[in-house]
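Close look at the chain arrangement
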Amino acid sequence: MRAKIKHLPPRWRAILAAAAAAVLLVWFLFLRGEPDGPKGPLDVTFWYWRQPFKLSKLEIKDLQSMGVNKLFVHAGDLHLSPSGWKLRASQEYRASSPFAIHLVFGVEAAIRRELEKQSPELLGGKLAPMISGEVKRAEKSGQRVVGIQIDFDCPTRLLPLY
């Protein structure tokens, strides 16, 4: 086969080389598949939305066997009452956890509407005391709080405020 390629005119050799390069490129980009195994360390987390917060020994073992290293725990829902912003359905911690914890605060629609009326600084001033109080309460119960998440849907028009 090699001898036959040498006897091809230079133009045909160039066409064959380009076709071979194209086939290799298609194979490399689309057909070769994923390499075996993960590409890097995975951050395996689990959402915990039950109340009260307690994990049985079996649940801990199962989560650890799945490689879970963090829990996102529902800490409560922020809502707007006649007397101001309040935390409703605050989490009750009945047992400490061997996992790092992110406290998740749901935000009700009335507070989302407040975004249009408030500056980010004022919003932060209202949220910070409630959230820091919950973080301290969770830590006092033995939780290792490593983060918080404020969970609300935001209309696109309000993304600059968000």
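Computed from a predicted model, the values in this text were never measured in an experiment.

**Comments concerning the side chain of Gln-91**
Following the sequence through the fold, Gln-91 ends up in the loop between strand E3 (84–88) and strand E4 (100–107). If sequence neighbours within four positions are ignored, Gln-91 has contacts with Arg-50, Gln-51, Pro-52, Phe-53, Val-73, His-74, Ala-75 and Arg-137.

**Quick look at the side chain of Ser-97**
On the secondary structure map, Ser-97 appears in the loop between E3 and E4. A polar contact of 3.0 Å, which involves the side chain of Ser-97, links it to the backbone nitrogen of Phe-99.

**Brief notes about the pattern of salt bridges**
One pass over the structure, following the stated rule, counts four salt bridges. Notably, a salt bridge pairs Arg-50 with Glu-59, separated by 3.1 Å at the nearest N-O pair. Overall, Glu-59 belongs to the partly exposed group, its relative accessible area being 27%. Here Glu-92 makes a salt bridge to Arg-94, at a shortest N to O gap of 2.8 Å.

**Focus on the packing of aromatic side chains**
Inspection of the entire model under this criterion finds four aromatic pairs. Ring plane angle 50° and centroid distance 5.1 Å describe the contact between Trp-47 and Trp-49, whose orientation is recorded as tilted. Residue classification places Trp-49 among the partly exposed residues on the basis of a relative accessible area of 41%. Through a chain of ring-to-ring contacts, the aromatic side chains of Trp-47, Trp-49 and Phe-72 assemble into a single cluster.

Calculation criteria
- Residues numbered from 1 in each chain as written.
- Predicted model: local features only at pLDDT ≥ 70, side-chain atom pairs only at ≥ 80, totals over all residues.
- Heavy atoms only, no water.
- Helix = DSSP H or I, 4+ residues; strand = E, 2+ residues; numbered from the N terminus.
- Contact = heavy atoms within 4.5 Å.
- Polar contact = N/O pair within 3.5 Å; in protein donor to acceptor, adjacent residues only side chain to side chain.
- Salt bridge = Lys/Arg side-chain N within 4 Å of Asp/Glu carboxyl O.
- Buried < 20%, exposed > 50% of the residue type's maximum accessible area, 1.4 Å probe, protein only.
- Phe/Tyr/Trp six-rings, centres within 6.5 Å; stacked < 30°, edge-to-face > 60°.

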